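Fold and geometry: a report
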Amino acid sequence: MNVNSYFSSFIRRCRDAGLLVVQPRMGFGTVVEMRSGLSDVAKLDFPVIGTITLDSYTRVGDYRTPQVCLDKGERLNGYPIVTHSAEATRNMLEGLYGTNFPVQVRHGTALPQTIFRKLVEIGLDASEGGPVSYCLPYSNIPLYKAIEAWAESCHILSDGAERAHIESFGGCLLGQLCPPSVLIAVAVLECLFFHQHGVHSVSISYAQGTSLIQDRGAIAALRELAGQYLSGLDWHVVLYTYMGVFPSSFEGATALIRDSAQLGKETGCERIIVKTIQEARQIPSVDDNLYSLQLSSKTANDIHSMKMLSQQEVAYRDEIYLEAKILLDEILSLDVDVGQCLLKAFNSGLLDIPYCLHADNAGRTSSYIDTNGALRWARSGSVPIPSNLRYLCCRQNDVSSSELLNMLNYVANKYDCVTC
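Quick summary incoming for the structure in this document. From a predicted model like this one, the values you see are computed outputs, not experimental measurements.

Generally speaking, nonpolar side chains in soluble globular proteins are found buried as a group. With 113 residues, the main nonpolar core has I52, L93, L136, L230 and L351 as its most contacted residues. Per-element accounting of this core gives the leading share, 12 residues, to helix α8 (residues 180–196). In contact with L136, not counting residues within four places along its chain, are L143, L173, F346, I353, C356, H358 and N361. One finds F246, L256, I277 and V411 within the second-largest nonpolar core, a separate group that totals nine residues.

In this model helix α7 (residues 143–160) runs 26 Å from its N-terminal to its C-terminal C-alpha over 18 residues, within 8% of the 26 Å that 1.5 Å per residue would give. Packing partners of the buried residues in α7 comprise α6 (113–122), β4 (126–129), β5 (165–168), α8 and α13 (338–348).

Moving on, we come to the pattern of salt bridges. Enumeration over the complete set of coordinates arrives at 18 salt bridges. Among the salt bridges present, the one from R216 reaches E313, with a minimum N-O distance of 3.4 Å. Taken together, the residues R216 in helix α9 (residues 212–229) and E313 in helix α12 (residues 311–332) connect sequence positions 97 residues apart. The pair R216 / E313 is uniform in exposure class, with both members buried.

The subject of this paragraph is the packing of aromatic side chains. Within this structure, the stated rule accounts for 10 aromatic pairs. Seen in terms of ring centroids, W150 and F194 are 6.2 Å apart; in terms of plane orientation they differ by 35°. Their pairing is tilted. On the criterion of sequence distance, the pair formed by W150 in helix α7 and F194 in helix α8 is long-range, its members being 44 residues apart. Summarising the burial analysis for this pair, W150 and F194 share the class buried. Seen from their ring centres, F250 and Y291 are 6.0 Å apart, and the 45° between their planes marks the pair as tilted. With F250 in helix α10 (residues 250–266) and Y291 in helix α11 (residues 286–301), this pair connects stretches of sequence that are 41 residues apart. What makes F250 partly exposed here is its relative accessible area of 40%. One aromatic cluster is present, built from ring pairs that chain together F116, Y134, Y138, W150, F169, F193, F194 and Y240.

Glancing now at the pairing of strand β7 (residues 234–240). Judged by how many residues are buried, β7 sits mostly within the fold: seven of seven residues are covered. Every second residue of β7 is oriented toward a common face, with D234, H236, V238 and Y240 on one face and W235, V237 and L239 on the other, all of them buried. Pairing of strand β6 (residues 201–207) with β7 involves seven bridges; the strand directions are parallel. Across the sheet, S203 pairs through a bridge with H236, a residue of β7. With respect to chirality, the unit in which β6 leads through α9 into the neighbouring parallel β7 is right-handed. Looking at chain direction, β7 and strand β8 (residues 271–274) are connected through three bridges and run parallel. The residue bridging V238 from the neighbouring strand is R271, located in β8.

On the secondary structure map, G61 appears in the loop between α3 (56–59) and α4 (65–71). Under the relative-accessibility criterion, G61 is labelled partly exposed at 38%. On a C-alpha basis, the gap between G61 and T109 in space is 8.2 Å, while along the polypeptide they are 48 residues apart.

Mapped onto the fold, E128 is located in strand β4. On the basis of relative accessibility, which here comes to 0%, the residue E128 falls in the buried class. Side chain to side chain, E128 and Y134 meet in a polar contact 2.4 Å long. Look past the residues within four positions of E128 in its chain and what remains in contact with it is Q104, V105, R106, H107, G108, Y134, W150, I166, E167 and F169.

With a phi angle near 65°, Y355 is a residue other than glycine that sits in the positive phi range. Relative to the helices and strands, Y355 is located in the loop between α13 and β9 (366–369).

Cut-offs applied
Residues numbered from 1 in each chain as written. Predicted model: local features only at pLDDT ≥ 70, side-chain atom pairs only at ≥ 80, totals over all residues. Heavy atoms only, no water. Core = buried A, V, L, I, M, F, W, Y, C linked by side-chain atoms within 4.5 Å. Buried < 20%, exposed > 50% of the residue type's maximum accessible area, 1.4 Å probe, protein only. Helix = DSSP H or I, 4+ residues; strand = E, 2+ residues; numbered from the N terminus. Contact = heavy atoms within 4.5 Å. Expected span 1.5 Å × (residues − 1). Salt bridge = Lys/Arg side-chain N within 4 Å of Asp/Glu carboxyl O. Phe/Tyr/Trp six-rings, centres within 6.5 Å; stacked < 30°, edge-to-face > 60°. Pairing = 2+ DSSP bridges. Right-handed = clockwise from strand over helix to strand, strands pointing away. Polar contact = N/O pair within 3.5 Å; in protein donor to acceptor, adjacent residues only side chain to side chain.

Structure follows, in structure tokens:
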């Protein structure tokens, strides 16, 4: 199997045609199951990218237990790409992976060198994650170790693939309760980090939040900032359907999926990671994924132009742009090396993720959902908030445990209650 820059060139073709690319989060333990799932996705008659999502053992560097599970006939919650031989995975992809059906590996690994070596051996060219976004939420290793590991991994992939592509997961850094400016700043910084270590094709993620109006403003700000800081790179924006607690009703989940697809198309996103109607109940089946992919693609591609921002959306855009730009400029002034910028920013509290318990996160910030459903700072710690926006950080009391629980369920309750 030859590496022919399938991922990045596919996105460019679809963008030129005005089509939003949809992509599932899908992984199965056996070669047979994984091929069957990818084959069903590849047969869809709209722009779609295949996903190989890795299992939870592989994500933490345990490559032995997956084989034990497979030998016992036990199901895994993803594809153990390191455990399976490269030949077996190449055979699994034969006749599927190519110009019209790129495949991306999604994992969740803070130390991904072994996974990236396997990708190169197989002949794949696209993955995702990042030194911050896959360390702070998913690992207890020190951030500096993740930065070193991701620097090495970028070189592994860029040296082994003709046009390596990495998607920053920064836009979903505990994304359901993180103010958009921080998500945008981390995503841009991770893309700059990838570029510094040899990767020239990147995607910037943004996770759908608690307010569609705020999200529209945030994505507009993200695109403007990406155009400034990632000039000269091949980049695009990928939207994640809401990554927090999902509606449990069929009607609520369907409405949320439809809204995310509409949001992606109306804001000019090139790709969307789709969730399923069964997200709140179980690991989704292939049929669940196919239904959501069809729903998302039809919703998005029935819309033929970007939507002009409303006055309120423009206000959110300007506010988020200013916050994120000040944050980016202060962090990038700390060092010529982006990895060192990230370390120093977390050490000083310039970057401080609300409700993140990792030891390298200062933990002096918190956020809340205001009466309009938008995410706001409750405590901003040492994060540099512009003086004209400090009125948004004026809560006298911190977020209580009961308020936090309500916020975590805010989106699910909002969509489920529509059908009550």
